[in-house]
Amino acid sequence: MNRYISWERRTLPVHRLLVRTLAAGTLFVLVLAGCARTTEPVVVDDLLLGTYVRIAVHGGTTERPLLDAAMDRVAEVERKMSVSTADYEETELLRVNRAAGQEPIPVSEETLEVVKAALAYSEATGGAFNVAVEPLVSLWGIGTDDERVPSELEIEATLPLVDYSAVVVDGDAGSLYLPEEGMGLDVGGIAKGYAADEAAAILRDGGVTSALLDFGGNILVIGEKPDGSAWRVGIQRPDAERAAYLGILSIRDATVVTSGPYERFFVQDEVRYHHILDSQTGFPAAAGLEQVTIVAERSIDADALSTACFVLGLGRATELIEARPGVEAIFVDTEGRVFLTSGIGTDFELTDANYTLSD
Ligand code: AMP
Ligand code: MG
């Protein structure tokens, strides 16, 4: 197969989304091209989940309907789980959030599954990852037309609503219930990972043996490159324009997910306010890290963990990752020091002399 197909399959207000996506700077991982490429991949791309999603199949089945089916899954996840009122009048989670303090809302099996996973991560991280963060996300409005620094009073009034432990999951009824008016769920920190896993499962089941899925920098690779070498993923420098990377990760059948304050933020009075919120303080997390990259088997895990680690800071984040077999991390602190978890070995190579490896 020697062809290159790229087409647009969008249904959303494209220009607004595109502008927002690019301004958000979510493309932070570069995929380094190999020199010995024998075939071009078959590619589909779209703007989904608030970012640019690209699926490139390099080996095995390369039929377009299969790629379309994978992308359709991503769109389906968005249609069910987005809480962006700019993009949707109605989704399952918007319904749940609007019924807060009133009644349980039945949702699809997969929305229930994602919320349950998000709740499990909320518990496992002591609320560093907090699926009930929606009222704070709305209050700050970061990345929307309404972004602003709220008053202390507003933050104080909002914090009690950010209570993941109050979320009621009824597995038998398949419903979600938020007991207080004003509560809300936001799976923005985990849904991209889930969608990538789902898309990859469709491709694998359909016979794809080599592929690269890029969800605005959340990378998932199937197999290895067609020439038998590992995929090489450049980790973006957190302080620089997108094209610059600080190091290279070599991976096979794995996912790499990065979280950082530079992905979505605004500046007011020379202070940067970014999109990962600490539900203890109500403010953007400031735990001394500038970037967290997680390497794992499943993207849903990597996604939730990258957000959580960013909030936790180096010490507690290291403990969290070291306790999980098969999960590794690269942390960059605000001083430009790079820390690796113990199992990463030679898979990561630091290439930028402005950064230093620390123990
Ligand atoms: P990520 O880019 O995966 O780190 O996720 C950031 C997104 O997750 C934000 O844009 C919010 O939608 C949501 N979010 C923000 N703060 C938190 C938090 N503390 N826990 C869980 N999700 C969060
Ligand atoms: Mg995340």
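For the structure itself, look to the data block above.
So, how was this worked out
- Residues numbered from 1 in each chain as written.
- Chains lettered and ligands numbered in written order.
- Predicted model: local features only at pLDDT ≥ 70, side-chain atom pairs only at ≥ 80, totals over all residues.
- Heavy atoms only, no water.
- Phe/Tyr/Trp six-rings, centres within 6.5 Å; stacked < 30°, edge-to-face > 60°.
- Helix = DSSP H or I, 4+ residues; strand = E, 2+ residues; numbered from the N terminus.
- Buried < 20%, exposed > 50% of the residue type's maximum accessible area, 1.4 Å probe, protein only.
- Near = heavy atom within 4 Å.
- Polar contact = N/O pair within 3.5 Å; in protein donor to acceptor, adjacent residues only side chain to side chain.
- Areas by Shrake-Rupley, 256 points an atom, 1.4 Å probe, with all protein chains shown as cover.
- Nonpolar A, V, L, I, M, F, W, Y, C, P; charged D, E, K, R; others polar.
- Core = buried A, V, L, I, M, F, W, Y, C linked by side-chain atoms within 4.5 Å.
- Contact = heavy atoms within 4.5 Å.
- Donors = N, O, S within 2.8 Å, 3.2 Å for Na, K, Ca; no water.
- Lys, Arg positive; Asp, Glu negative; His and termini not counted.
- Salt bridge = Lys/Arg side-chain N within 4 Å of Asp/Glu carboxyl O.

Focus on the packing of aromatic side chains
If you walk through the whole model with that rule in mind, you get three aromatic pairs. Residues tryptophan 140 and phenylalanine 283 carry aromatic rings whose centres are separated by 5.4 Å and whose planes lie at 70° to one another, so their mutual orientation is edge-to-face. Here phenylalanine 283 lies in the loop between strand S13 (271–274) and strand S14 (289–296) and tryptophan 140 lies in helix H5 (residues 134–140), a separation of 143 residues in the sequence. Phenylalanine 283 sits in the partly exposed class, given a relative accessible area of 27%. Members of the aromatic cluster, joined through ring pairs, are Trp140, Phe266, Tyr273 and Phe283.

A word on the site of ligand 1
For ligand 1, the set of nearby residues contains 14 residues, the closest of which are Asn130, Asp186, Ser259, Leu277 and Thr307. At 3.1 Å, a backbone N or O of glycine 189 approaches an oxygen atom of ligand 1. The side chain of aspartate 303 places a nitrogen or oxygen atom 2.9 Å from an oxygen atom of ligand 1. Bound to the protein, ligand 1 loses 93% of the 500 Å² it would expose on its own. Residues belonging to the shell around ligand 1 are distributed by class as follows: five nonpolar, six polar and three charged.

A few points about the nonpolar core
Core analysis: the largest hydrophobic core is formed by 75 residues, its most contacted members being Leu213 and Ile294. It is helix H8 (residues 299–312) that contributes the most residues to this core, nine residues altogether. Beyond its immediate chain neighbours, meaning those up to four positions away, isoleucine 294 contacts Thr255, Val256, Val257, Ala302, Leu305, Ser306, Cys309, Ile321, Val327, Glu328 and Ala329. Listed in part, the 18 residues of the second largest apolar core include Ile219, Ile251, Ala254 and Phe348.

A few points about the coordination of the magnesium ion (ligand 2)
Perfect tetrahedral coordination of a metal by four donors corresponds to 109.5 degrees between them, and perfect octahedral coordination by six donors corresponds to 90 or 180 degrees. Every protein donor of the magnesium ion (ligand 2) is accounted for by Gly189 (O), Asp303 (O), Asp303 (OD) and Thr307 (OG1), and the metal-donor separations fall at 2.0 to 2.5 Å. Each donor residue of the magnesium ion (ligand 2) belongs to the same chain, with the gaps between them written as G-x113-D-x3-T. With a gap of 114 residues between them, glycine 189 in the loop between strand S6 (175–177) and helix H7 (191–205) and aspartate 303 in helix H8 connect regions that are remote in the sequence. Like aspartate 303, glycine 189 is buried.

A short note on the side chain of aspartate 186
Its place among the elements puts aspartate 186 in the loop between S6 and H7. Here aspartate 186 occupies a buried position and makes no salt bridge, while the nearest side chain of opposite charge, arginine 264, is found at 8.2 Å. Leave out the neighbours within four places in its chain, and aspartate 186 touches Val83, Val131, Val133, Glu134 and Val137.

A word on unusual backbone geometry
Trans peptide bonds make up most of the peptide bonds, and negative phi angles are found at most residues other than glycine. Located in the positive-phi region is leucine 49, a residue other than glycine, with phi close to 50°. Within the element layout of this structure, leucine 49 appears in the loop between strand S2 (42–48) and strand S3 (51–60). Positive phi, close to 40°, is recorded for aspartate 253, a residue that is not glycine. Along the chain, aspartate 253 falls in the loop between strand S10 (245–251) and strand S11 (254–259).

Digging into the side chain of histidine 274
Its place among the elements puts histidine 274 in strand S13. The class for histidine 274 is buried, based on a relative accessible area of 4%. A polar atom in the side chain of histidine 274 sits 2.9 Å from the backbone oxygen of alanine 285. The contact partners of histidine 274, leaving out residues within four places of it in the chain, are Ile142, Pro261, Arg264, Phe265, Pro284, Ala285 and Phe310.

These figures capture arrangement, not role.
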